[in-house]
Amino acid sequence: DFGDRDAALGIFAGYRSVYDALVLGAEIEAEFGDTSWSHVNGRNFSVERGNALSLTATAGLRSVGDVLLYGRFGIISADFDTSYQRGTDPTFKRSERETGLLMGVGAEVPVGDGFSARMEYQLRAYDDYGIGPSAASSSDNFANLESVARFGLVYNFGGGVTPQADVQRIDYSGAYAGAQIGHGTLQSDNSGPRPTAATQRSTLEVTRGGQGFTGGVFAGYGIQNGAFYAGLEAEAEISSVDWNIERSPTGRLYDMEKTSSFGAGFRVGYILNDSILFYGRAGVVRSEFDMEYNYLTATVNQDESLNGVRIGGGIEFAVGKNTTARLDYTQTMYDSNSIDYGFGVDDFDTSERVFRIGLVRHF
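Here's a quick rundown of the structure. Along each chain, the written sequence defines residue order, and numbers are assigned to residues from 1. Only residues with pLDDT of 70 or above have their local features reported here, since the model is predicted, and side-chain atom pairs are shown and tallied only from 80 upward, although totals for entire chains, interfaces and linings are computed over all residues. The side-chain values count all of the structure's non-hydrogen atoms but skip hydrogen atoms and water molecules.

## Description of the overall build of the protein chain
Part 1: Secondary structure counts use DSSP, requiring at least four H or I residues in a row for a helix and at least two E residues in a row for a strand, with both numbered from the N terminus. A count of helical and extended segments in the protein chain gives 0 helices and 20 strands.
Part 2: Its C-alpha radius of gyration of 23 Å places the protein chain within 12% of the 21 Å reference for a compact globule of 363 residues.
Part 3: In terms of overall dimensions, the protein chain has C-alpha extents of about 75 × 40 × 25 Å along its principal axes.
Part 4: Here the protein chain, with 363 residues, has 46% of them falling under the buried criterion. Between the two quantities, the radius of gyration covers C-alpha atoms and the globule rule is 2.2 Å times the number of residues to the power 0.38. Each residue's exposure class comes from its accessible area (1.4 Å probe, protein chains only) as a fraction of the maximum for that residue type: buried when under 20%, exposed when over 50%, partly exposed otherwise.

## So, the layout of surface pockets
Part 1: Its volume calculated, the second largest pocket comes out at about 530 Å³.
Part 2: Buried and open spaces are told apart on a 1 Å grid over the protein atoms alone, a cavity being a set of points where a 1.4 Å probe fits but cannot get out and a pocket being an open set with protein on both sides within 12 Å along at least five of seven lines. Residues with an atom within 4 Å of a point are the lining residues. If you trace the second largest pocket, you find 23 residues lining it, with Gly14, Arg16, Val154, Tyr155 and Asn156 closest to the centre.
Part 3: Secondary-structure elements contributing two or more residues to the lining of the second largest pocket are strand S1 (8-19), strand S2 (22-33), strand S4 (43-62), strand S7 (115-126) and strand S10 (145-155).
Part 4: For the lining of the second largest pocket, the element with the highest residue contribution is S1, accounting for 7 residues.
Part 5: Basically, the charged four are Asp, Glu, Lys and Arg, the nonpolar ten are Ala, Val, Leu, Ile, Met, Phe, Trp, Tyr, Cys and Pro, and anything else, Gly included, counts as polar. Residues that form the lining of the second largest pocket fall into these classes: 11 nonpolar, 6 polar and 6 charged. Grid points are joined across faces, edges and corners, and a volume is the space filled by probe spheres set on the points.

## Here's the deal with the pattern of salt bridges
Part 1: Only one rule defines a salt bridge in this text: a Lys or Arg side-chain nitrogen within 4 Å of an Asp or Glu carboxyl oxygen. In the structure shown here, the tally under the stated rule is 32 salt bridges.
Part 2: Where Arg326 meets Glu316, a salt bridge forms, and the shortest distance between an N and an O atom there is 3.7 Å. Separated by 10 residues along the polypeptide, Arg326 in strand S18 (residues 323-334) and Glu316 in strand S17 (residues 298-320) bring together distant segments of the chain. Here the two residues Arg326 and Glu316 agree in accessibility, since each one is buried.
Part 3: Through salt bridges that share partners, Arg16, Glu27, Glu29, Glu31, Arg49, Arg72, Glu108, Arg118, Glu120, Arg124, Glu146 and Arg150 make up one connected network.

## Here we look at the nonpolar core
Part 1: Counting residues in hydrophobic clusters, the biggest one holds 19 residues, and the most contacted among them are Trp243, Tyr254, Met256, Tyr293 and Ile339.
Part 2: Contributing elements (two or more residues each) for this core: strand S12 (200-225), strand S14 (242-246), strand S15 (253-272), strand S16 (276-295) and S17.
Part 3: The greatest single-element share of this core, amounting to 5 residues, is contributed by S16.
Part 4: Grouping buried Ala, Val, Leu, Ile, Met, Phe, Trp, Tyr and Cys residues that are joined through side-chain atoms within 4.5 Å yields what is termed a nonpolar core. Membership of the second largest hydrophobic core comes to 14 residues, among which are Val109, Leu327, Tyr329 and Phe355.

## Here's the deal with the pairing of strand S19 (residues 337-340)
Part 1: Only one face of S19 is buried, namely the one carrying Asn337 and Ile339, since none of Ser338 and Asp340 on the opposite face is buried.
Part 2: DSSP-based pairing: two strands are paired if at least 2 bridges between them are found. Sheet analysis places S19 next to strand S20 (residues 345-362), joined by 4 bridges and oriented antiparallel. Looking at the pairing, Asp340 lines up with Val345 of S20.
Part 3: Between S19 and S20, which pair antiparallel in sequence order, lie 4 residues; one of them, Gly342, sits at a positive phi of approximately 95°.

## Some words on the environment of Gly220
Part 1: With respect to the helices, strands and loops of the structure, Gly220 is situated in strand S12.
Part 2: The exposure class assigned to Gly220 is buried, which follows from its relative accessible area of 14%.
Part 3: When the C-alpha positions of Gly220 and Gly174 are compared, they lie 8.3 Å apart, and in sequence the two are 46 residues distant.
Part 4: The contact criterion used is simple: two residues touch if any of their non-hydrogen atoms lie within 4.5 Å. Once you skip the residues sitting within four places of it in the chain, Gly220 turns out to touch Gly174, Ala175, Tyr176, Leu232 and Glu233.

## Quick notes on a nonpolar patch on the surface
Part 1: Each patch is built from residues that are more than 30% exposed by relative accessible area and take part in no salt bridge. Like charges join if they lie within 9 Å; nonpolar side chains (Val, Leu, Ile, Met, Phe, Trp, Tyr) join within 5 Å. Accessible surface area values rest on a Shrake-Rupley calculation with a 1.4 Å probe, where residue burial reflects the displayed protein chains alone. Together, Ile28, Leu55, Phe73, Ile75, Leu101 and Met103 make up a nonpolar patch on the protein surface, roughly 610 Å² of accessible area in all.
Part 2: At the level of secondary structure, the elements contributing two or more residues to the nonpolar patch comprise strand S5 (68-86) and strand S6 (92-112).

## Looking at the packing of aromatic side chains
Part 1: In this analysis, rings of Phe, Tyr and Trp, with Trp reduced to its six-membered ring, are considered paired at centre separations within 6.5 Å, and the interplanar angle assigns stacked below 30 degrees, edge-to-face beyond 60, and tilted for intermediate values. Under the counting rule described, the total for this entry stands at 23 aromatic pairs.
Part 2: Geometrically, the ring pair formed by Phe2 and Phe45 is edge-to-face, given 5.5 Å between the ring centres and 85° between the ring planes. With a gap of 43 residues between them, Phe2 in the segment before S1 and Phe45 in strand S4 connect regions that are remote in the sequence.
Part 3: The exposure class of Phe45 is buried, given its relative accessible area of 7%.
Part 4: Aromatic pair Trp243 and Tyr254: ring centres 5.8 Å apart, planes at 90°, arrangement edge-to-face. One end of the pair, Trp243, is in strand S14; the other, Tyr254, is in strand S15, with 11 residues separating them in the sequence.

## Brief notes about the environment of Arg5
Part 1: Within the secondary structure, Arg5 sits in the segment before S1.
Part 2: When its relative accessible area of 29% is taken as the criterion, Arg5 is described as partly exposed.
Part 3: Separated by 29 residues in the primary sequence, Arg5 and Asp34 place their C-alpha atoms 9.6 Å from one another.
Part 4: Residue contacts for Arg5: discarding those within four places in its chain leaves Thr35, Gln187, Asp189, Thr207, Ser351 and Arg353.
Part 5: Among the polar contacts made by the side chain of Arg5, one reaches the side chain of Asp4 at a distance of 3.3 Å. Pairing of N or O atoms within 3.5 Å defines a polar contact, subject to two protein rules: one partner must be a possible hydrogen donor and the other a possible acceptor, and residues neighboring in sequence count only if both atoms are side-chain atoms.

## With respect to the side chain of Ser351
Part 1: For Ser351, the position within the fold is in strand S20.
Part 2: Taking relative accessible area as the criterion, Ser351 reaches 1% and is therefore assigned buried.
Part 3: Side-chain polar atoms of Ser351 contact the side chain of Arg353, separated by 3.1 Å.
Part 4: Residue contacts for Ser351: discarding those within four places in its chain leaves Arg5, Thr185, Leu186, Gln187, Thr332, Met333 and Tyr334.

Laid out in structure tokens, this is it:
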């Protein structure tokens, strides 16, 4: 598993039909970016994902305050530039568009004058391909996966949705508690010595990457002053987010999995239409990681407790009396750690990005 992260920019257009609370639509989008990862050692190879086009169908339900909760499914076509060079072999390059499937979930909230704000999370899986010498046994196969958290502004021609006068107003002051589920990615900048011959050593530089699901609970206390909000929050979660390296039948086998996390932080935000809270967050977490490293005769099982700084933001909106839903996106930068497996030491600098959907009860 290899992976990395970067930013992208997109423009989109679509058409919707409304059937009471049910909203059906289709969208076309162009996305611009250059997300990439690279591996530098005896084998030097990299993948860069360039611009993309997608066509998707959406289906959603209008909730309290005319918030649209929707799902998305469709196809995507993206540019991939792949380079591969091993030992004294020539460099192989491949530049082609790959087609994939995408699915996502999101929410769209009206902000007035025909405009809406959107927050969404997508998973994308592209067709795999091979690169390397012509012999099939010598070619490497690349199967690219991508997750994207997106924040957008939508203009609805014809005026769009105007927030209802009788929306469910939420008092964000006081205590609250809730539960959430999510999906995210784990990336580790990995460096360490690697033998290239009996008496020669080089240094590996690569970013490991993987993904998985999370689930947890949280509780906090907030203060609302007019349209402004500030509060403190504690959270706990379990996780299966990981990355894994397997070189068979011989070679290194090692992995890193986040299993649980505890944290606390503060949120500040602005309340729109008496029901929709836009917020930012910052805090600290302590997470548990399981690591295993196998090389030649060495087997190391190592549990790590790493401290991290978590920042992010999201939207929270009414779905009933004293009940809200939230979409939340965070990134966490952890302390570095290392594994001594006897034949050398590998270093890791780890970060995490998670998108979560939660249900909140206000007391």
